[in-house]
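Topology and contacts: notes
The chain contents come next:
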Amino acid sequence: MTAPEPSDRVISDPIGLIVDLVAAVEHRLGPDRIRAVVTGVAGGRAKSRRLAAHLAERPSVLSDGRSPAPRAVGDLLIALREAGAQAISPPCCAECGRQMRTLQRRGQDWYCWNCGPQPETCAACGNTRRVASRDRSGRPRCGKCPDTDGRDPIAVIGALIAELDPQAGQEVIADAVRRAAPRPSYQQKLAWALESNPGLLTGDGHLAPHRAILRLIDLSHAAGVAGIVRPACPRCRRVVRIDKPLGGQRVCRTCISHSRIEECSGCGARREPATRDGQGRPLCPNCLVNDPANLETCINCGRRKVVNTRTPDGPLCSSCPSLTSATCSICGKEKPCGTSRATGRPWCPDCQRRSASCSACGGVAAVVSGTLEQPLCADCTAPEVWHTCPTCSDPDYPHPGQCARCLINRRLNELLGPPSDALHPGLEALRNNIATTEHPITARRWLNKPSVSPVLSDLAAGRRALTHEALDELPDSPPLAHLRQVLVGVGALPERDEYMVRLDRFLTGLLASQQDPEQRKVLHRYAIWHLVRRLRRRNNGRPLTPQQFMSARQRTHAAVAFLNWLRDHGLNLDTCRQADLDRWLTDGSATYRQTAGHFIRWARTNKLTTVHVPAVRWNGPTQPLDDEHRWNTARRLLHDDTLKPEDRLAGLLLLLYAQGPSAISRLTIEDVEVGVQEVRLHLGDAPVQLPEPVAALARAVTANRKGHATIGALAPSSWLFPGGQPGRPISTTQLTQRLNQLGIRPNQARSTALFQLATEIPAAILARTLGIHTDVAVAWQRLSAGDWATYAAEISQRARPT
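Residues numbered from 1 in each chain as written. Predicted model: local features only at pLDDT ≥ 70, side-chain atom pairs only at ≥ 80, totals over all residues. Heavy atoms only, no water.

A count of helical and extended segments in the chain gives 33 helices and 26 strands. Each of the 802 residues in the chain was classed as buried or not, and the buried ones make up 42%. A total of about 43,600 Å² of accessible surface is found on the chain, and carbon and sulfur atoms cover 51% of it. The chain carries 103 positive and 76 negative side-chain charges, and their two centres are separated by 3 Å. (Helix = DSSP H or I, 4+ residues; strand = E, 2+ residues; numbered from the N terminus. Buried < 20%, exposed > 50% of the residue type's maximum accessible area, 1.4 Å probe, protein only. Areas by Shrake-Rupley, 256 points an atom, 1.4 Å probe, with all protein chains shown as cover. Lys, Arg positive; Asp, Glu negative; His and termini not counted. Charge placed at Lys NZ, Arg CZ, Asp CG, Glu CD.)

Pasting the structure below:
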């Protein structure tokens with residue numbers, strides 16, 4: 001078996017690579033001791049990879065201790081020397097060559113204490129010396145010219161706080177100052193800052209020049225000092241921890257995250273980057289976790305997967321429980337063990353990482369079975385011959401113990417009790433559906449969830465009624481929503497408009513939380529009699545979509561935010577004037593400024609106010625159009641058979657027919673007319689005849705559609721793209737993620753397709769064929785400068801059918 005290249009080990013096993021490189025130089029320390037030191041220094045995966053990459057590129061740093069090198073390399077050299085290494089060199093100063101026990105850096109170079117700090121001109125004496133401190137103006141001072149005024153900074157701060165609360169104890173204040181700023185020089189800086197701006201203690205803490213001032217405010221407030229006001233975040237107005245500088249102010253972590261939002265280069269989601277790839281492009285946390293380079297080998301099942309739990313023995317994936325103690329089949333020790341997929345016997349994490357010379361073939365490889373004296377590799381390990389299931393004697397189950405069917409039946413008996421006539425017919429239908437599901441392992445994992453099993457037990461025992469109202473009493477969560485939909489799928493509960501119920505519940509709670517009767521009355525008129533009424537009239541019995549629910553909720557939040565701003569400034573809708581509205585529009589602390597325009601226009605229409613916010617007119621797409629990328633992606637979807645047919649069809653509907661993810665997700669099989677020679681798709685009033693090979697993809701998806709729902713899907717789904725819940729289509733978010741994985745940015749691609757189609761097809765026909773509003777089609781036609789003359793000339797040249 002050939003050893004992996006160092007470049008591959010940098011990604012797959014950086015710690016092991018570092019241990020091997022150190023062990024090749026240092027022979028006094030054992031591998032276990034070296035691994036312990038390396039693990040303590042290397043830290044996370046990114047840092048350990050950078051460390052391994054540098055050592056693999058220049059291993060001589062271990063013996064000469066010379067920079068340039070990352071800080072982690074210097075820390076590793078120091079830690080190895082402290083652990084007793086003799087052949088490992090300590091870090092050496094890049095200027096004088098002196099060996100060091102601590103590091104100072106400039107870039108990638110290390111310097112000792114004498115060579116590291118750069119001298120500056122002292123603001124007091126004018127000599128160029130090492131900077132010992134800085135004065136209250138931030139200018140450098142040498143060690144002979146400190147900026148001191150002879151006062152005790154703790155006494156100065158105590159006097160300032162005593163003006164706010166004469167009853168505050170000086171010992172309490174002194175303790176808070178020492179905990180916030182342990183060093184006397186930092187205490188002096190705090191005293192200077194508070195003297196120049198005492199308002200920092202009474203609400204202006206977001207202007208604090210030093211983070212310790214905010215720490216002092218929190219400690220004083222917790223100690224009960226009156227007059228100390230915890231500052232609010234100047235952007236979101238929440239009274240939370242604010243210690244991150246942004247634009248000259250201290251803001252909360254959430255606002256920092258919002259200010260750093262970028263488009264992920266992997267999935268296209270707009271989020272705060274978790275890291276950046278080799279080209280400096282941003283990556284979101286989800287892409288970082290699912291990056292193949294970040295997958296690790298599970299110590300239980302041996303597969304490279306996303307780490308779910310980290311134990312002292314190693315990582316565990318989401319499919320594997322915590323390790324139980326057993327006797328390792330290789331080393332014979334009693335310790336936490338996983339189960340070998342090759343032999344079915346327990347083996348400990350140490351044996352999983354062990355390599356040795358195989359006693360059968362003589363090759364050096366990973367030990368898979370055998371013993372410490374006679375190890376065997378994977379090629380020389382005979383697969384275990386299992387007996388049939390001891391309960392049902394299923395010969396097709398080649399694993400030890402009970403089969404998955406028997407295990408899930410046992411779990412159903414524990415939750416619902418044995419089958420009997422006393423069980424509710426809906427729960428009996430659920431039992432039969434779970435027991436006969438195509439994927440029993442997935443169903444059993446779902447039954448073991450702590451948010452599902454207690455609810456099913458209560459329903460079976462009669463402690464909770466099998467109704468929507470009884471389930472509404474439980475805390476809302478995604479597992480409960482999935483359980484409700486499963487019960488609807490098996491017929492135990494009737495179908496209902498879940499998003500409308502959620503909207504009603506949200507509005508009821510929001511209105512009940514309003515203290516001002518007049519404000520509650522206005523919000524009731526706007527939310528109930530305008531937003532909800534318009535949604536019911538527009539849908540005409542159809543259920544709400546997730547986008548409609550989120551839009552109504554956001555508009556209601558915007559109305560509350562605007563009314564609260566008016567109340568905080570002593571105004572209301574009747575007394576608000578255009579100057580006040582302009583002040584709100586330019587107020588940096590105001591939220592939902594764009595969304596609240598809908599509420600203000602409604603209030604003006606209903607003569608509740610005289611101010612007006614004009615609607616933002618659409619002037620074209622905000623992202624650049626990329627027609628070349630659109631056609632290149634379309635060609636790949638047309639001819640790449642390695643991609644999933646449903647992903648190819650969804651991408652082509654977006655690229656060729658300008659259908660957004662929300663419209664694609666709600667297509668049903670009734671929208672697809674599959675004939676003998678042609679396939680028609682109903683996107684609007686007029687069907688579209690699909691050309692080949694798009695028609696072949698539509699036939700394949702229609703015939704083989706299958707969602708991820710394994711429980712509760714009794715009949716074939718009527719949706720063209722089924723989702724993860726029975727009876728539901730794929731969510732817009734999930735479909736967008738799948739399109740992003742194909743390299744498609746839905747908004748940009750749809751705008752490009754609409755722009756091109758609007759130049760070739762009149763607005764009326766475009767609206768009828770694509771299912772968009774006529775006004776939207778007209779706007780795109782004007783933007784693209786399309787006209788009827790070109791289209792009419794092309795129609796006249798087409799050959800008429802004989």
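This part is about the sheet that holds strand β19 (residues 346-347). Reading across from one edge, β17-β18-β19 is the order of the 3 strands in this open sheet, with antiparallel pairing throughout. Each edge of the open sheet carries a strand with a single partner, namely β17 (324-327) and β19. Across 4 bridges, β17 lies against strand β18 (residues 334-339) in antiparallel orientation. What sits directly across from alanine 326, in β18, is lysine 335. (Pairing = 2+ DSSP bridges.)

Further remarks concern the state of the cysteines. Under the criterion given, the structure shown has 0 disulfides. We note that cysteine 337 lacks a disulfide partner, and the nearest cysteine sulfur, in cysteine 328, lies 5.0 Å from it. For cysteine 337, a relative accessible area of 6% corresponds to the buried category. (Disulfide = S-S within 2.5 Å.)

Considering all chains together, one arrives at 6 aromatic pairs under this definition. A centroid spacing of 4.8 Å and a plane angle of 65 degrees characterise the contact between phenylalanine 562 and tryptophan 584, whose relative ring orientation is edge-to-face. With phenylalanine 562 in helix α22 (residues 546-568) and tryptophan 584 in helix α23 (residues 578-585), the pair connects residues that are 22 residues apart, well separated along the chain. As far as the burial class goes, phenylalanine 562 and tryptophan 584 line up, both buried. An aromatic cluster of three or more residues is present, and its members are Tyr526, Phe562, Trp584, Phe599 and Trp602. One residue, arginine 106, lies across the ring of tyrosine 111, its end atom 4.0 Å from the ring centre. (Phe/Tyr/Trp six-rings, centres within 6.5 Å; stacked < 30°, edge-to-face > 60°. Lys NZ or Arg CZ within 6 Å of the ring centre and 35° of its normal.)

What sets the pattern is the α-helix's 3.6 residues per turn: residues three or four places apart point alike. Those residues of helix α17 (residues 453-461) lying buried are Ser453, Val455, Leu456, Ser457 and Leu459. Residue glycine 462 follows α17 closely and has a positive phi angle near 85 degrees.

Before going further, it helps to spend a moment on the confidence of the model for the chain. In the predicted model, the chain carries a mean pLDDT of 82, and 92% of its residues have values of at least 70. Confidence over residues 395-400 falls short of pLDDT 50; this stretch has 9 contacts with residues more than four positions distant or in other chains. Across residues 787-792 the pLDDT falls below 50, and counting only partners more than four positions away or on other chains, this stretch makes 7 contacts in the model. (pLDDT = per-residue confidence, 0-100. Contact = heavy atoms within 4.5 Å.)

Further remarks concern empty space enclosed by the protein. All chains considered together, the criterion is met by 1 cavity of 30 Å³ or more. Each pocket or cavity is described by its volume, and for the largest cavity that value is around 40 Å³. Lining the largest cavity we find Leu649, Leu653, Val672, Leu681, Leu690, Ala698, Thr702 and Leu720. Of all the secondary-structure elements, those providing two or more residues to the lining of the largest cavity are α26 (645-657) and α28 (694-704). The class makeup of the residues in the lining of the largest cavity is 7 nonpolar, 1 polar and no charged. (1 Å grid on protein atoms, 1.4 Å probe; cavity = no way out; pocket = protein on both sides within 12 Å on 5 of 7 lines; lining within 4 Å. Points joined across faces, edges and corners; volume = space filled by probe spheres on them. Nonpolar A, V, L, I, M, F, W, Y, C, P; charged D, E, K, R; others polar.)

Below, the discussion takes up the pairing of strand β7 (residues 242-246). Looking at chain direction, β7 and strand β8 (residues 249-252) are connected through 4 bridges and run antiparallel. Paired with isoleucine 242 across the bridge in β8 is cysteine 252. Connecting β7 to the next strand, β8, in antiparallel fashion are 2 residues, including glycine 247 with a positive phi near 60 degrees.

Among all positions of helix α8 (residues 170-180), only Ile173, Ala174, Ala176, Val177 and Ala180 are buried. The buried side chains of α8 occupy one side of the element, clustering within an arc of 160 degrees when seen end-on. Elements that come into contact with the buried residues of α8 comprise α7 (153-164), α9 (184-196) and α10 (211-222). (Arc of directions from axis to C-beta.)

With that settled, consider the nonpolar core. In terms of nonpolar packing, the biggest core is built from 45 residues, with Leu649, Leu652, Tyr657, Leu690, Ile744 and Leu770 touching the most fellow members. If you tally residues by element for this core, the top one is α26, at 8 residues. For leucine 690, the residues in contact, after removing those within four places along its chain, are Tyr657, Val679, Leu681, Ala695 and Ala698. (Core = buried A, V, L, I, M, F, W, Y, C linked by side-chain atoms within 4.5 Å.)

The contact between helix α2 (residues 14-25) and helix α4 (residues 45-57) brings their axes to 9 Å, and the two run at 35 degrees. Here α2 runs over α4; the crossing is left-handed. Counting all contacts with α2, which are made through Pro14, Ile15, Leu17, Ile18 and Leu21, the residues of α4 involved are Ser48, Arg49, Leu51, Ala52, Leu55 and Ala56. Considered class by class, the residues forming the contact of α2 with α4 number 9 nonpolar, 1 polar and 1 charged. (Axes fitted to C-alpha atoms, helices over the stretch in contact; angles between N-to-C directions. Left-handed = near helix turned anticlockwise from the far one by under 90°.)

This part takes up the environment of aspartate 580. If you trace the backbone, aspartate 580 turns up in helix α23. As for aspartate 580 and asparagine 300, which are separated by 280 residues in sequence, their C-alpha atoms are 64 Å apart. With near-sequence residues (within four places) excluded, aspartate 580 lies in contact with Trp565, Leu571 and Thr575.

Let us look at the packing of helix α3 (residues 31-42) against helix α6 (residues 71-82). The interhelical angle for the contact between α3 and α6, taken along N-to-C directions, is 145 degrees, at an axis separation of 10 Å. The handedness of the crossing between α3 and α6 comes out as right-handed. The residues of α6 that touch α3, namely those facing Val37, Val38 and Val41, are Ala72, Asp75, Leu76, Ala79 and Leu80. Residue composition of the contact of α3 with α6, by class: 7 nonpolar, no polar and 1 charged.

Here tyrosine 657 shows up in helix α26. The exposure class assigned to tyrosine 657 is buried, which follows from its relative accessible area of 12%. Separated by 571 residues in sequence, tyrosine 657 and glutamine 86 place their C-alpha atoms 70 Å apart. When sequence neighbours within four positions are dropped, the list of residues in contact with tyrosine 657 reads Leu652, Leu683, Val688, Gln689, Leu690, Pro691, Leu757 and Leu770.

Our focus in this paragraph is the pattern of salt bridges. In the structure shown here, the tally under the stated rule is 28 salt bridges. With a closest N to O distance of 2.9 Å, arginine 463 and aspartate 458 form a salt bridge. Given the relative accessible area of 57%, arginine 463 is considered exposed. The network of salt bridges with common partners includes Asp472, Arg484, Arg496, Glu498 and Arg505. (Salt bridge = Lys/Arg side-chain N within 4 Å of Asp/Glu carboxyl O.)

This part is about the sheet that holds strand β26 (residues 688-690). The antiparallel open sheet is built from 3 strands, whose spatial order is β24-β25-β26. Each of the sheet's edge strands pairs with one partner strand only, and the pair in question is β24 (672-674) and β26. Recorded for the sheet is a direction-independent mean angle of 25 degrees between the axes of neighbouring strands. Pairing analysis gives 3 bridges linking strand β25 (residues 679-681) to β26, with the strands arranged antiparallel. Looking across to β26, one finds that leucine 681 is bridged to valine 688.

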